[in-house]
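Observations on the three-dimensional arrangement
One-letter residues, chain by chain:
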Amino acid sequence: FQLYGYCYQDSNDIPDTLTTITELGSPLEMIQLLQTSWEDRFRICLSLVRLLHYLAHSPLGSVTLLDFRPRQFVIVDGELKVTDLDDASIEESSCTSNSDCFMEFPARNFTLPCSVEGRCQSMNEKRNLYNAYRFFFTYLLPHSAPTSLRPLLDKIVNATGNGNKHGNAKFLLFYPSPSVNSEFTQKCVKSANTKYRRVPEAFIPDENYRCWPSYHHKGCLLSVFDVNEAIEICDSYSQCKAFVLTNQTTWTGRQLVFFKMASNHIMPDPDKITYVKVTD
């Protein structure tokens, strides 16, 4: 979380109080997140993985968030950030045997090894990882994920659900470069029968219909890898008769496209390209 300033206050009424000024974020609403595009939900999970990595390797040592729940986080510019650090701890539990390193969760339990120093090994990291799995990954990642990504996503989710930190590393490698983005997000599809007429520098201002998930609440605005994927999407909607390529992209570089239910009114626009379905 970005810190802009702080003030230490020590008075008779409120002793030893630190007031911080931080960046403004939006409260995390899980139901609203499930209604957003998978791409946006993936970005949130990726930012959470980066946070988990930092907590495990912070300058203070391994830090655990004892109250690891959605209400402790906010969204800032599409990324997840922790806002409440009152329950953060750097203490690893002491132990004399492995049985002292028992971690109990509603769905499963873990027993960690007790080190020769008398501390439960990686307990802070595993607690954070499993809480991230049960509160975030299990809901945000698999739901409406691209078909080509599901086998890898299943492995990542299962690894984090088992408390395996290597699942975290796989996640961090999941989106390292545009070439990997192309490999995993491109859908090699062609429209077999339907033909489209290309109209350059043109836009359809009206003729909207709603679809899910959409980047626009009054229309159908989706991200695509290329024109072929836009054609596949338009062919999958019976009401779609045209689509408009914009010059806007998502954070992964995918192009935003408006899908339209008619093409009766086409207006000039130098920043857009319209494709109209050709009917016999």
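Residues numbered from 1 in each chain as written. Predicted model: local features only at pLDDT ≥ 70, side-chain atom pairs only at ≥ 80, totals over all residues. Heavy atoms only, no water.

Within an unreviewed UniProt entry, the label attached to the protein reads PKDCC kinase, and the organism entered is Aramus guarauna.

Thoughts on the nonpolar core
Within soluble globular proteins, side chains that are nonpolar tend to cluster in buried spots. Counting 31 residues, the largest nonpolar core has Leu 48, Phe 68, Phe 73, Leu 80, Phe 136 and Phe 137 as the members making the most contacts within it. For this core, the elements supplying multiple residues, two or more each, are helix H1 (30–34), helix H2 (38–56), strand E5 (73–76), strand E6 (79–82), helix H3 (123–140) and helix H4 (150–161). Among the elements that take part in this core, H2 stands out by supplying 10 residues, more than any other. Each residue touching Leu 80, except ones within four places of it in the same chain, is listed here: Leu 28, Ile 44, Ser 47, Leu 48, Phe 73, Val 74, Ile 75 and Phe 136. (Core = buried A, V, L, I, M, F, W, Y, C linked by side-chain atoms within 4.5 Å. Buried < 20%, exposed > 50% of the residue type's maximum accessible area, 1.4 Å probe, protein only. Helix = DSSP H or I, 4+ residues; strand = E, 2+ residues; numbered from the N terminus. Contact = heavy atoms within 4.5 Å.)

Focus on the state of the cysteines
One pass over the structure, following the stated rule, counts 4 disulfides. A sulfur-sulfur distance of 2.1 Å marks the disulfide that ties Cys 234 to Cys 240. Every disulfide takes its handedness from the sign of the S-S torsion; for Cys 234 and Cys 240 that torsion is -100°, giving left-handed. For Cys 234, a relative accessible area of 0% corresponds to the buried category. When the cysteines of the protein that form disulfides are numbered from the N-terminus onward, they connect as 1-3, 2-4, 5-6, 7-8. (Disulfide = S-S within 2.5 Å.)

Focus on the sheet that holds E6
The antiparallel open sheet is built from 3 strands, whose spatial order is E3-E5-E6. Sheet topology places strand E3 (26–27) and E6 at the edges, where each strand pairs with a single neighbour. Strand direction decides the pairing type here: E5 and E6, joined by 4 bridges, are antiparallel. By the bridge assignment for E6, Phe 73 is matched with Val 82. (Pairing = 2+ DSSP bridges.)

Notes on the sheet that holds strand E11 (residues 220–224)
Pairing in this open sheet of 5 strands is antiparallel, and the strands run E10-E14-E12-E13-E11 from one edge to the other. Looking along the sheet, the strands with just one partner apiece sit at the ends: strand E10 (195–203) and E11. The sheet shows a mean angle of 30° between the axes of neighbouring strands, direction not considered. (Axes fitted to C-alpha atoms, helices over the stretch in contact; angles between N-to-C directions.)

Examining the side chain of Arg 127
As for its position among the elements, Arg 127 is in helix H3. In this structure Arg 127 is buried but unpaired, with Glu 92 as the nearest side chain of opposite charge at 6.2 Å. The contacts of Arg 127, once residues within four sequence positions are left out, are Thr 64, Leu 66, Met 103 and Phe 105. (Lys, Arg positive; Asp, Glu negative; His and termini not counted. Salt bridge = Lys/Arg side-chain N within 4 Å of Asp/Glu carboxyl O.)

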